[in-house]
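Descriptive analysis of the structure
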There are 2 protein chains.
Amino acid sequence: MAAPVSVSPTPLLKDELDIVIPTIRNLDFLEMWRPFFQPYHLIIVQDGDPSKTIKVPDGFDYELYNRNDINRILGPKASCISFKDSACRCFGYMVSKKKYIYTIDDDCFVANDPAGKPINALEQHIKNLLSPSTPFFFNTLYDPFREGADFVRGYPFSLREGVPTAASHGLWLNIPDYDAPTQLVKPLERNTRYVDMVLTIPKGTLFPMCGMNLAFHRDLIGPAMYFGLMGDGQPIGRYDDMWAGWCSKVICDHLGLGIKTGLPYIFHSKASNPFVNLRKEYKGIFWQEEIIPFFQNVLIPKECTTVQKCYLELSKQVKEKLSKVDPYFDKLADAMVTWIEAWDELNPPAGAAKPNGKA
Amino acid sequence: MAAPVSVSPTPLLKDELDIVIPTIRNLDFLEMWRPFFQPYHLIIVQDGDPSKTIKVPDGFDYELYNRNDINRILGPKASCISFKDSACRCFGYMVSKKKYIYTIDDDCFVANDPAGKPINALEQHIKNLLSPSTPFFFNTLYDPFREGADFVRGYPFSLREGVPTAASHGLWLNIPDYDAPTQLVKPLERNTRYVDMVLTIPKGTLFPMCGMNLAFHRDLIGPAMYFGLMGDGQPIGRYDDMWAGWCSKVICDHLGLGIKTGLPYIFHSKASNPFVNLRKEYKGIFWQEEIIPFFQNVLIPKECTTVQKCYLELSKQVKEKLSKVDPYFDKLADAMVTWIEAWDELNPPAGAAKPNGKA
């Protein structure tokens, strides 16, 4: 019988959560989210030209980093942070000192639930993160920790305590997160189906993690949330969140942590240009056919007991096994090591890596 | 890009599907389902005293089997069919000559969708069975073959064809399918959440399959849908569908077939007595702690290319590894072999076992 986690009011966690946003081009964005975001500290990571200024409406508590700041803070290690691509947001994960991160794109607005009520996405993410995950066995009524649900007949009692939740992957109404080929074929398709559900992605199963509406437990999984090398000077784009998703999922599986997907929804307002997307994606579309089997078969030795150790081990295997796909992966593997070095520099190890779930 | 499977009207499959019901105690049951069930042939398997008669309202096409019929048809092999337990329903799977089976309990009524419209459960099961499954990678918008959905960015193109769907597991509004301890602790809990979703249970993940509202492709997976030895003379009950679920899932994983769960809902009208349930279940509650790891780790050799071969291999491993849990499993392993012998007798092999998905 699950503890009635969601019966008590969801804590705000306002001193424990940072919102990370990769450039704000849309002036309405923060105004729309004001009722929900204003209590929190924002970290804005500007992805392009540092001479351009980003306007933040009054009343928000924020810090803003542009490329010059990233270069100044990380020195030569700044090479691991993408330029002119929203993948640069992961710099924000690194400089945050909070326990939880929520990241969202500036074309994502407040969605309404089927009753027409605006959805407080952050509140649902916090619910998801604060209740356990159940990766070892599927519960047919989905998240057993939601109000009105529980474990069904046949669910082993020894697994009902669950494991700590490392990430909460939210979804999108309106414009679905399709790849360029699907966008081109179905330009008018809109996601109108509100699925009132949260579930744990089972152990051993990979999923396409989208960075548009994503929350995670920084202390538990932060160092695995590297968004890779995308954008300026790189052969691909739009695989930043996918890369972080594959890496963090295999590390969660190894460390006994959970990832949930489902609620909350945001309203994704604008489809990105499918022609531009195709140019960014096309190598990834080939490469993922080899990357996915790589991650499906990756074995992390049991000596790897922290996220950092797991991540460095992954970088080694990426170099060994994916460099033959394209020299890009050799560069990416090096950047993964640099990322961890930079992370540990900004987050001295005593305070980082607590895979046992304690704060 | 998924084929728009659900755009064309769902075929009735009335000459290809049998409805199997394990005794009808409730006279309203068939009246309520008449608009949806009347086109189909019913197979009713009476679980108790053969001298009692079951009333079937006019207008239904049905055959009815009681214990005397089972004994007459199977001879000594009738020992594999449970007595005084709804697990006897699997006899109906064996005598059917159709490609698909839908099985439902007599306390399951027509549910309404959130708009108040009666749900044609069978139509949704047919949709689920006729569209492919995607067990190798999780799609965050769930079943990509539903109207208005597709594969999301980052889903490997090589996996988008999917695999044949072997089973469709439907859910229950009102009384949830809880075990006796949960029933005792939460006697008033009702499932009111309509989750508008179908998903494939990923490869390598087990789930608690409930027999209340279940459809399957008999040609693809029928011989694995054995409901075990329950009820009269047996030490447990209420694990019949679980057993079939564990066995069929590992066999589907081995043969590259899919199982979906989610829609359709039925309205489960009546909670069974938790005290009676506790007596039936308590050994199973202990045993499942060893059975689940057994099934999680089971390896079926690649020589096993038909459901029957896989099932006989499973029976061998059950005898080897679970008999030490309780002598019951020794008996069950023998019954599994008898079940396959009886299946092949009633379904001469030339017509049975078509793991390639062709009719």
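Read on for an overview of the structure. Just so it is clear, the model here is predicted, and its values are computed rather than measured. (Residues numbered from 1 in each chain as written. Chains lettered and ligands numbered in written order. Predicted model: local features only at pLDDT ≥ 70, side-chain atom pairs only at ≥ 80, totals over all residues. Heavy atoms only, no water.)

With respect to the overall build of chain A
Stated precisely, the cut-off is as follows: Secondary structure elements are taken from DSSP: a helix is a run of H or I of four residues or more, a strand is a run of E of two residues or more, and numbering for both begins at the N terminus. The globule rule is 2.2 Å times the number of residues to the power 0.38, and the radius of gyration it is compared with is taken over C-alpha atoms. Only protein chains enter the accessibility calculation, which uses a 1.4 Å probe; a residue is then buried when its area is under 20% of its type maximum, exposed when over 50%, and partly exposed in between.
What chain A contains, in helices and strands, is 10 helices and nine strands. Computed over its C-alpha atoms, the radius of gyration of chain A comes to 19 Å, within 12% of the 21 Å expected for a compact globule of 359 residues. Its C-alpha atoms give chain A principal-axis dimensions of about 55 × 50 × 45 Å. In chain A, which comprises 359 residues, the share counted as buried stands at 62%.

Quick notes on the pairing of strand 6 (residues 165–174) of chain B
Residues and elements named next belong to chain B. The following threshold applies: Strand pairing is assigned whenever DSSP detects at least two bridges linking the two strands.
Most of strand 6 is tucked away, with 10 of its 10 residues classed as buried. Looking at chain direction, strand 6 and strand 9 (residues 258–268) are connected through nine bridges and run parallel. Bridge assignment links L171 to a residue of strand 9, and that residue is Y265. Sheet topology places strand 6 next to strand 8 (residues 213–217); three bridges connect them, and they run antiparallel. The residue of strand 8 that forms the bridge with H169 is L214.

Concerning the interface of chain A and chain B
Our working rule: Residue contacts are counted whenever heavy atoms from the two residues lie within 4.5 Å of one another. Buried area counts how much accessible surface, traced with a 1.4 Å probe, disappears from two parts once they are put together, with both parts' losses summed. When a carboxyl oxygen of Asp or Glu lies within 4 Å of a side-chain nitrogen of Lys or Arg, that pair is called a salt bridge.
With 61 residues of chain A at the interface, the matching set in chain B holds 61 residues. Of the roughly 5,200 Å² buried where chain A meets chain B, counting both sides, 59% is carbon and sulfur surface. The largest per-residue losses of area from chain A upon contact with chain B belong to A:F138, A:R153 and A:R193, which jointly make up 16% of the total buried on that side. Counting across the interface, chain A meets chain B through 10 salt bridges. The closest approach of N and O atoms between B:D177 and A:R153, which form a salt bridge, is 2.8 Å.

Some words on the relation of the copies chain A and chain B
Basically, it comes down to this: Least-squares superposition aligns the copies on the C-alpha atoms of those residues with pLDDT at or above 70 in both.
Take chain A, turn it by 180 degrees, move it 0.0 Å along the axis, and it overlays chain B with an RMSD of 0.0 Å. The relationship between the two copies is best expressed as a two-fold rotation axis. Taking C-alpha positions as reference, the residue of chain A nearest the rotation axis is A:V195, located at 2.8 Å.

Some remarks on the packing of aromatic side chains
Residues and elements named next belong to chain B. The test is simple: Only the six-membered ring of Trp is used, alongside the rings of Phe and Tyr, when aromatic pairs are assigned; centres must lie within 6.5 Å, and planes under 30 degrees apart are stacked while those over 60 apart are edge-to-face, with the rest tilted.
Enumeration according to the criterion identifies 46 aromatic pairs over all chains in this entry. Arranged with centres 5.8 Å apart and planes meeting at 90 degrees, the rings of F145 and F151 form a pair that is edge-to-face. Judged on exposure class, the residue F145 and its partner F151 are both buried. With a centroid separation of 6.2 Å and an interplanar angle of 80 degrees, the aromatic rings of W243 and W246 are classed as edge-to-face. Of this pair, W243 and W246 are both found in helix 7 (residues 240–255), three residues apart, which corresponds to roughly one turn of the helix. Taking relative accessible area as the criterion, W246 reaches 1% and is therefore assigned buried.

Topic: the pattern of salt bridges
Side chains carrying opposite charge are able to pair once their charged atoms draw close together. Across all of its chains, the model carries 42 salt bridges over all chains by this definition. We note a salt bridge from A:R25 to A:D47, for which the minimum N-O separation is 3.0 Å. Residue A:R25 is located in the loop between strand 1 (17–21) and helix 1 (27–37), and its partner A:D47 is located in the loop between strand 2 (41–45) and strand 3 (61–65); the two are separated by 22 residues in the primary sequence. Its relative accessible area of 57% is what places A:R25 among the exposed residues. Where B:D330 meets B:K319, a salt bridge forms, and the shortest distance between an N and an O atom there is 3.2 Å. Residue B:D330 is located in helix 10 (residues 328–346), and its partner B:K319 is located in helix 9 (residues 307–322); the two are separated by 11 residues in the primary sequence. When its relative accessible area of 33% is taken as the criterion, B:K319 is described as partly exposed. Residues participating in the shared-partner salt-bridge network are A:R146, A:D196 and B:R193.

Digging into the side chain of B:H125
Residue and element names in this part refer to chain B. For the record, the criterion: Each polar contact in these results corresponds to two N or O atoms within 3.5 Å; when the atoms are within protein, one needs to be able to donate a hydrogen and the other to accept it, and residues that are neighboring in sequence are counted only if both atoms are side-chain atoms.
Its location among the elements puts H125 in helix 4 (residues 121–130). For H125, a relative accessible area of 0% corresponds to the buried category. Of the polar contacts made by the side chain of H125, one reaches the side chain of N213; its length is 2.8 Å. Apart from residues lying up to four places away in sequence, H125 is in contact with Y102, S168, H169, G170, N213, L214, A215 and P264.

Quick look at the packing of helix 7 of chain B against helix 9 of chain B
All names here are of chain B. Here is the rule we go by: Axes here refer to lines fitted to C-alpha atoms; in helices the fit is confined to the stretch in contact. Angles between the N-to-C directions go from 0 to 180 degrees. Between 65 and 115 degrees an angle is taken as roughly perpendicular, under 35 as roughly parallel, over 145 as roughly antiparallel, and anywhere else as oblique. Crossing chirality is assigned from the near helix's rotation relative to the far helix, an anticlockwise turn below a right angle marking it left-handed and a clockwise turn marking it right-handed. Note that Gly is not counted as nonpolar here; it falls among the polar residues with everything else outside the nonpolar set of Ala, Val, Leu, Ile, Met, Phe, Trp, Tyr, Cys and Pro and the charged set of Asp, Glu, Lys and Arg.
Their axes nearest at 10 Å, the elements helix 7 and helix 9 cross at an angle of 125 degrees. The angle between helix 7 and helix 9 places the two elements in the oblique class. Seen along the crossing, helix 7 lies across helix 9 with a hand that is right-handed. Packed against helix 7, whose contacting residues are W243, C247, V250, I251, H254 and L255, the element helix 9 presents V307, C310, Y311, L314, V318 and L322 at the interface. Broken down by class, the residue content of the contact of helix 7 with helix 9 amounts to 11 nonpolar, one polar and no charged.

Re the side chain of B:N191
Take B:N191: it is sitting in the loop between helix 5 (180–185) and strand 7 (198–200). Here B:N191 falls in the buried class, since its relative accessible area comes to 7%. At 2.9 Å, the side chain of B:N191 and the backbone oxygen of B:W172 are in polar contact. Beyond its immediate sequence surroundings of up to four residues, B:N191 is in contact with A:L141, B:W172, B:L173, B:N174, B:P176 and B:Y265.

Purely spatial values, then, with no claim about function.
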